[in-house]
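If you want the building blocks of each chain, they are given just below.
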Amino acid sequence: MVIQALLYLATLKYLLMKKIQMVDLISQYNHIKEDVDQAVLDVIRSSAYINGPEVKSFQKELEEYLNAKHVIPCANGTDALQIAMMALGLKPGDEVITATFTYVATAEVIALLGLKPVLVDVHPDTFQIEPEKIRGAITAKTKAIVPVHLFGQCAPMEEIMEIAKAHGLYVIEDTAQAIGAEYTFGNGKKAKAGTIGDIGATSFFPSKNLGCFGDGGAIFTQSDELAQKLRMIANHGQSVRYYHDEVGVNSRLDSIQAAILRQKLPHLDQYNARRRRAAEFYNTSFAHEPRLKTPALAENSTHVFHQYTLQLEGDRQAMIDHLASKNIPAMIYYPVALHMQKAYRDERYKEGDFPVTEQLVNTVFSLPMHTELNDEQLVYITQSVLEFFNS
Ligand SMILES: *Cc1c(COP(=O)(O)O)cnc(C)c1O
């Protein structure tokens, strides 16, 4: 009787638990609903929909938050990367080094501009691009390195900047997944992700750590000259209206999105702390399961856990199916390495060239990670993951 009642209560508790999602945007919105609704209404009533005062204010506030001299808002993170490469004057045939374990956008814009993506492997514990592999990939045609701060922590920027300096290369940081992460140099100096290289590019896609309610992005730089160029290219290549000095693009952050981002930016550090807390809960729960490798912390960087990514020794699909049967979503970021993607196949590369990435694409899986995970959900998720090993 007692056991049955307990089981019943346990089931009831589960049924009452908030549905677990990879990302819970609605609950996050509900905490700041009044402020966001008001900000959006204000823009609608002002009719300053394009490049209105909200965009300028957001730009200033983000510059302050990042300690970046210049922020140039744009339409999305992919555009941010493309505009960065255009502003650096990279020419068809120039080689750009990036990681083969990343989201496709990084390589996509390199290829779209007629540049040559040169792929390198990543570190097996931190998933970050390997400086030693960058060194080995440099040729006379190399012009830039694009480190991706994957899953929310910084690539080894100090070493990357040293390599870039020694070889006269530009560095564009893809910080779409790491806004708010902080890097500490050997001398103790700190800098926010995206403000270390020549240019930083980020995304405000809704599920990113600082997400708007549609598409958005931004470019950061400490250089006045580059800032002017970036602004011009994002605005049809004009600095004076109707005088087009260069071929540009049309890439703007909507005023409504800027107004929403202004409401969310003051919460970003707390949002990132919530993610970190969930990650620590996961880490502690999985510490004694040898078949699960928890994400390693990179040296010199804080982690803002855009994703919480485990490596599994075992049948990954069976794990994902097991979790799905308990209504827990899990995702694979990323199932295919860039050099094995149909669009990016290249005679220079073959299977086996990037053993770390090729291992990762077969073993990684990511658990729900967002600002609204509560203890009840975290207990349920971690118990369900561990249950897999006993079933
Ligand atoms: C999301 C993302 C992008 C692209 O951002 P969009 O705003 O979707 O264009 C680029 N690089 C990385 C690593 C990303 O995660």
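Residues numbered from 1 in each chain as written. Predicted model: local features only at pLDDT ≥ 70, side-chain atom pairs only at ≥ 80, totals over all residues. Heavy atoms only, no water.

Q: What's the story with the site of the ligand in this structure? I'm lost.
A: Around the ligand sit Asn-76, Gly-77, Thr-78, Tyr-103, Ala-105, Val-148, Asp-174, Ala-176, Gln-177, Ser-203 and Lys-208, and that is every residue in its neighbourhood. For the ligand, a nitrogen atom lies 2.7 Å from a polar atom in the side chain of Asp-174. Take Ser-203: an N or O atom from its side chain is 2.7 Å from an oxygen atom of the ligand. If the ligand stood free it would expose 380 Å²; the protein chains cover 92% of that surface. Mapping the ligand onto the cavity grids shows that it belongs to the largest pocket. Among the residues making up the shell around the ligand, the classes are represented as four nonpolar, five polar and two charged. (Near = heavy atom within 4 Å. Polar contact = N/O pair within 3.5 Å; in protein donor to acceptor, adjacent residues only side chain to side chain. Areas by Shrake-Rupley, 256 points an atom, 1.4 Å probe, with all protein chains shown as cover. 1 Å grid on protein atoms, 1.4 Å probe; cavity = no way out; pocket = protein on both sides within 12 Å on 5 of 7 lines; lining within 4 Å. Sits in = over half its atoms within 2 Å of the grid points. Nonpolar A, V, L, I, M, F, W, Y, C, P; charged D, E, K, R; others polar.)

Q: What is the right way to look at the pattern of salt bridges in this model?
A: Evaluated as defined, the whole model comprises 15 salt bridges. Among the salt bridges present, the one from Asp-37 reaches Lys-33, with a minimum N-O distance of 3.0 Å. Residue Asp-37 and its partner Lys-33 are both found in helix H3 (residues 33-46); the two are separated by four residues, about one turn of the helix. The partly exposed category is assigned to Lys-33, whose relative accessible area is 36%. With its nearest N and O atoms 3.2 Å apart, the salt bridge here joins Arg-262 to Glu-54. (Salt bridge = Lys/Arg side-chain N within 4 Å of Asp/Glu carboxyl O. Helix = DSSP H or I, 4+ residues; strand = E, 2+ residues; numbered from the N terminus. Buried < 20%, exposed > 50% of the residue type's maximum accessible area, 1.4 Å probe, protein only.)

Q: I'm lost on the pairing of strand E1 (residues 70-74) in this one. Help?
A: Regular strands place side chains that alternate from one sheet face to the opposite one. Judged by how many residues are buried, E1 sits mostly within the fold: five of five residues are covered. The alternating pattern of E1 places His-70, Ile-72 and Cys-74 on one face and Val-71 and Pro-73 on the opposite face, and all of these are buried. Here E1 runs beside strand E9 (residues 217-221); their pairing, made up of five bridges, is antiparallel. Its bridge partner lying in E9, Val-71 is registered against Phe-220. (Pairing = 2+ DSSP bridges.)

Q: Any chance you could explain empty space enclosed by the protein here in plain terms?
A: Rolled over the atoms, a probe sized like a water molecule indicates the empty space that remains. Within the structure shown, the criterion is met by two cavities of 30 Å³ or more. The space that makes up the largest cavity amounts to roughly 80 Å³. Grouping the amino acids of the lining of the largest cavity by side-chain chemistry returns three nonpolar, five polar and four charged. The two domains that each donate at least three residues to the lining of the largest cavity are domain 1 (31-266) and domain 2 (267-389). If you add up the space inside the second largest cavity, you get close to 50 Å³. Across the lining of the second largest cavity, the residue classes tally to six nonpolar, six polar and one charged. In terms of domain composition, the lining of the second largest cavity takes at least three residues from each of domain 1 (31-266) and domain 2 (267-389). (Points joined across faces, edges and corners; volume = space filled by probe spheres on them. Domains from an automatic or database assignment.)

Q: Teacher, can you tell me more about the nonpolar core here?
A: Side chains of nonpolar character tend, in soluble globular proteins, to be buried together. Within the largest apolar cluster, 45 residues are counted, with the highest numbers of intra-cluster contacts made by Phe-101, Ile-134 and Ile-160. Going through the elements one at a time, strand E2 (95-99), strand E3 (116-120), helix H7 (131-137), helix H8 (157-167) and helix H13 (355-363) are the ones with two or more residues in this core. Considering every element that reaches this core, the biggest residue donor is H8, with four residues. Each of two domains, domain 1 (31-266) and domain 2 (267-389), supplies a minimum of three residues to this core. If sequence neighbours within four positions are ignored, Ile-134 has contacts with Ile-97, Val-120, Ile-129, Ile-145, Ile-160 and Ile-163. Membership of the second largest hydrophobic core comes to 28 residues, among which are Met-86, Val-96, Ile-199 and Ile-219. (Core = buried A, V, L, I, M, F, W, Y, C linked by side-chain atoms within 4.5 Å. Contact = heavy atoms within 4.5 Å.)

Q: Quick question: what am I supposed to make of the environment of Tyr-183 here?
A: With respect to the helices and strands, the residue Tyr-183 is situated in strand E6 (residues 182-184). Given the relative accessible area of 2%, Tyr-183 is considered buried. Note: C-alpha distance between Tyr-183 and Leu-81 (102 residues apart in sequence) is 21 Å. Setting aside residues no more than four positions away along its own chain, Tyr-183 makes contact with Cys-154, Ala-155, Pro-156, Met-157, Glu-158, Lys-189, Lys-190, Ala-191, Ile-196, Glu-299, Asn-300 and Ser-301. Within the structure, Tyr-183 has its side chain in polar contact with the backbone nitrogen of Met-157 (distance 3.4 Å).

Any functional reading would require information that these geometric values do not contain.
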